[in-house]
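What the coordinates show
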Amino acid sequence: MPSRLRVDDFAYELPEAAIAQAPAEPRDSARLLVLDRSRSSPGTPALAHRTFRALGQELRAGDLLVVNDSRVIPARLPARRPGGGAAEVLLLRPTDDATGRWEALVRPSRRLRDGVTLTLRSGDQVEVGERLGSGTRAVRFDRDPAQVMAAAGEMPLPPYIRGRSSPPERYQTVYARPPGSAAAPTAGLHFTPALLASLEAAGIRRASVTLHVGLDTFRPLEGEYVDEHQIHREWYEMPRSTRAAIDETRRDEGRVVAVGTTAVRVLETAARSQQTSGWTDLYITPPYAFRGVDGLITNFHLPRSSLLLLVTAFVQAGMSGSTPLDARDTLLAGYAGALAEGYRFFSFGDAMLIS
């Protein structure tokens, strides 16, 4: 029986200077690290260095890009407590009880009793309710939450991005449509309308799914072992047109290339459940048999994160005879190579193509 994977097996050191504080300008000038799984060996990745606008050189006519078109909402609400102290509400999603309340991360949660009212800079009131588990609270507004977010909300940038100088639209993909995410599907931030048009002209098609990104973007892995972590569920939807595009791509022997880990989770959830909408709590760890994804475009992920585990599983799936730790060594050697070449990491950073 294989030994259990430890959370610390997926740790690595990253200099703070390597964390991107602003997005590349223009978007497609970001760098692209290409990792070829079939030519890699344990700890020795087969790498190539590109810019993102050269993505079409790594794809071929008949391939299908599947993107997550969820739009980030201005979910971060700075607030004041009754005594004047600072507080913050980060909205995640509406609660399931049809009461108009939202599930949220609230700070400082331990100091806020049930029923306390916070005041936003717009003057709106937020009532903090009961604890819902996983560190979240139920909150209620005094008017339409969408209006409150429009009046008082900020883009929920990750905590490792210190400044707020980038325009809010730079934390949206150019194809974002239905609102609902508490964080951007960041692999898609590198696309421009011109790049998408050039890919389409080259016979590389695009289809959309929706997954509203929630709590697990902010949560580190819990416990000593990887299998002790429980992932938070998120809403997803796959349109019929996307299902048809995937089927056509398969018939024509093209590749389905997921843009981001959120797109992977939708594709794999749908492939396994045959359900094209609903809640997913799919937690992908190595080893994992992928059914719906042939290639992956993704950013460089935080250590000890569920996203790093997913990417490790994808690397292993393309390396015949490898173990999870072989794949980890290969991926992290790729990360080390990227660091040596000056790549930028995390949400506003550069990208990888794993093929």
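Note that this is a predicted model, so its numbers are computed, not measured.

The rules behind these values
Every residue gets a number counted from 1 within its own chain, in the order that chain's sequence is written. Reporting of local features is limited, given that this is a predicted model, to residues whose pLDDT is at least 70; pairs of side-chain atoms are given and counted only at 80 or more, and all residues count toward the totals for whole chains, interfaces and linings. By convention in this description, side-chain values take in all heavy atoms of the structure and omit both hydrogens and water. In DSSP terms, a helix is any run of H or I states spanning at least four residues, a strand is any run of E spanning at least two, and both are numbered starting from the N terminus. Only protein chains enter the accessibility calculation, which uses a 1.4 Å probe; a residue is then buried when its area is under 20% of its type maximum, exposed when over 50%, and partly exposed in between. Multiplying one less than the number of residues by 1.5 Å gives the expected span of a helix. Salt bridge, as used here: a side-chain nitrogen of Lys or Arg that lies within 4 Å of a carboxyl oxygen of Asp or Glu. Strand pairing is defined by DSSP finding a minimum of two bridges between the two strands. Helix axes are fitted to C-alpha atoms over the stretch in contact, other axes to C-alpha atoms as well, and angles between N-to-C directions run from 0 to 180 degrees. Residues are treated as being in contact if the distance between any of their heavy atoms lies within 4.5 Å.

For the rest of this paragraph, the subject is unusual backbone geometry. With omega at -5 degrees, the peptide bond leading from Glu-25 into Pro-26 counts as cis. Of note, Pro-26 is situated in the segment before strand E1 (31-41). Each neighbour pair has its own omega, and for Arg-107 with Pro-108 the value is -5 degrees, a cis peptide bond. Along the chain, the position of Pro-108 falls in the loop between strand E7 (102-107) and strand E8 (117-120). Located in the positive-phi region is Arg-304, a residue other than glycine, with phi close to 55 degrees. Secondary-structure assignment places Arg-304 in the loop between strand E16 (295-299) and helix H5 (306-317). Relative accessible area serves as the criterion here: at 37%, Arg-304 is assigned to the partly exposed category. Residue Phe-346 is not a glycine yet carries a positive backbone phi of 75 degrees. Along the polypeptide, Phe-346 turns up in the loop between helix H6 (324-340) and strand E17 (351-354).

Taking 1.5 Å as the rise per residue, helix H4 (residues 261-273) with 13 residues should run 18 Å; its terminal C-alpha atoms sit 18 Å apart, in good agreement. Positive backbone phi, approximately 60 degrees, marks Gln-274, located one or two places after H4.

Two side chains bearing opposite charge may form a pair once their charged atoms approach each other closely. For the coordinates displayed, the defined rule picks out 27 salt bridges. With a closest N to O distance of 2.4 Å, Asp-294 and Arg-250 form a salt bridge. Taken together, the residues Asp-294 in the loop between strand E15 (277-280) and E16 and Arg-250 in helix H3 (residues 240-251) connect sequence positions 44 residues apart. With a relative accessible area of 27%, Asp-294 lands in the partly exposed category.

Take the pairing of strand E14 (residues 256-259) next. Residues Val-256 and Ala-258 of E14 are buried on one face, and the alternating residues Val-257 and Val-259, pointing to the opposite face, are buried as well. As paired elements, strand E3 (residues 64-68) and E14 share 4 bridges and run parallel to each other. Pairing of Val-67 across the sheet is with Val-259, part of E14. In the sheet, E14 pairs with E16 via 3 bridges, with the strands oriented parallel. Paired with Val-259 across the strands is Ile-297, a residue of E16.

It is worth spelling out the sheet that holds E1 at this point. Overall, mixed pairing links the 9 strands, which are arranged E2-E1-E17-E16-E14-E3-E12-E13-E15 in an open sheet. Either end of the sheet is taken by a strand with one partner, and the two such strands are strand E2 (44-51) and E15. In this sheet, neighbouring strand axes are inclined to one another by 25 degrees on average, regardless of whether the strands run parallel or antiparallel. Where H3 meets the sheet, its contacts fall on E3, strand E12 (205-211) and E14, and the angle it forms with E12 comes to roughly 135 degrees.

This part is about the environment of Ala-20. For Ala-20, the position within the fold is in the segment before E1. With 49 residues separating them along the chain, Ala-20 and Asp-69 place their C-alpha atoms 23 Å apart. Sequence-distant contacts of Ala-20, that is, excluding residues within four places in its chain, are made with Ile-161, Arg-344, Phe-345, Phe-348 and Gly-349.

Turning our eyes to something else, we now look at the sheet that holds strand E9 (residues 125-133). The antiparallel closed barrel is built from 6 strands, whose spatial order is E5-E6-E7-E10-E9-E8. On average, each strand axis in the sheet is inclined to that of its neighbour by 45 degrees, with strand direction left out of account. Alignment of strand E5 (residues 76-80) against E8, held across 2 bridges, turns out to be antiparallel. Its bridge partner being in E8, Ala-79 is matched across the sheet by Leu-120. Strands in contact with helix H1 (residues 145-152) are E5, strand E6 (86-94), E7, E8 and strand E10 (136-141); relative to E5, the strand with the most contacts, it is inclined by about 80 degrees.

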